[in-house]
Amino acid sequence: QVQLVESGGGLVQAGGSLRLSCAASGSFFSFNTMHWHRQARGKQRELVATITSDANTNYADSVKGRFTISRDNGKNTVYLQMNSLKPEDTGVYYCNAVRFPHYNSWGQGTQVTVSS
């Protein structure tokens, strides 16, 4: 398993920006596909952004053009830059590391609250 620790959440006004970070343990970070998910209160968890080991990225339609996922393999860290935030972006954001078939690990989550 991989230990994941998210940081960077907080309270921001609509239109503002936040950058989330997720630091991973272990020696095989560069092999991981990394995901950011979010879960709003009373709703199902949804996939927000993905970055593969080859640095290919994919985004949910709701965040395209506003969010950017990136990784720094030297620091074992994945980032989610969130711009033009909207109240509907509010939720707990979770980092997820996948290296099939070895592990599928989750962080504890970080709260993002966007006020209108």
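Just above, that's the structure.
The model shown is predicted, which means the values in this text are computed figures rather than measured ones.

**Student:** Even after reading the chapter, I still don't get the state of the cysteines, so can you show me in this structure?
**Tutor:** Note on terminology: disulfide describes a covalent bond linking the sulfur atoms of two cysteines. Going through the model one piece at a time under the given rule, you end up with 1 disulfide. What pairs with Cys22 in a disulfide is Cys95, and their sulfur atoms sit 2.1 Å apart. One quick way to see it: the torsion about the S-S bond of Cys22 and Cys95 is about -80 degrees, and its sign makes the bridge left-handed. Here Cys95 lies in strand E9 (residues 91–99) and Cys22 lies in strand E3 (residues 18–24), a separation of 73 residues in the sequence.

**Student:** I'm lost on unusual backbone geometry in this one. Help?
**Tutor:** Among all residues except glycine, the phi angle is most often negative; among peptide bonds, the trans geometry is most common. For the bond running from Phe100 to Pro101, omega is -5 degrees, close enough to zero to count as cis. Along the chain, the position of Pro101 falls in the loop between E9 and strand E10 (103–106). Although it is not a glycine, Asn76 sits at a positive phi angle of roughly 55 degrees. Relative to the assigned elements, Asn76 resides in the loop between strand E7 (67–72) and strand E8 (77–82).

**Student:** How should I be thinking about the packing of aromatic side chains in this particular structure?
**Tutor:** Pairs of aromatic rings are described using the distance from one ring centre to the other and the angle between the two planes. If you walk through the whole model with that rule in mind, you get 1 aromatic pair. Consider the rings of Phe28 and Phe31, whose centres lie 6.1 Å apart with planes at 55 degrees: the pair is tilted. One cation-aromatic arrangement involves Arg45 over Tyr94; the distance from NZ or CZ to the ring centre is 3.8 Å. For Arg45, the ring lying beneath its charged end belongs to Trp106, and the centroid distance is 4.8 Å.

**Student:** Even after reading the chapter, I still don't get the pairing of E3, so can you show me in this structure?
**Tutor:** Successive residues of a regular strand alternate their side chains across the two faces of the sheet. For E3, the tally of buried residues reaches 5 of 7 residues, placing the bulk of the element in the interior. The pairing of strand E1 (residues 4–7) with E3 spans 4 bridges and is antiparallel. Among the inter-strand pairings, Val5 is bridged to a residue of E3, identified as Ala23. Pairing analysis gives 6 bridges linking E3 to E8, with the strands arranged antiparallel. Looking at the pairing, Cys22 lines up with Val78 of E8.

What counts, and where the lines are drawn
- Residues numbered from 1 in each chain as written.
- Predicted model: local features only at pLDDT ≥ 70, side-chain atom pairs only at ≥ 80, totals over all residues.
- Heavy atoms only, no water.
- Disulfide = S-S within 2.5 Å.
- Helix = DSSP H or I, 4+ residues; strand = E, 2+ residues; numbered from the N terminus.
- Phe/Tyr/Trp six-rings, centres within 6.5 Å; stacked < 30°, edge-to-face > 60°.
- Lys NZ or Arg CZ within 6 Å of the ring centre and 35° of its normal.
- Buried < 20%, exposed > 50% of the residue type's maximum accessible area, 1.4 Å probe, protein only.
- Pairing = 2+ DSSP bridges.

Read these as geometric descriptors, not functional statements.
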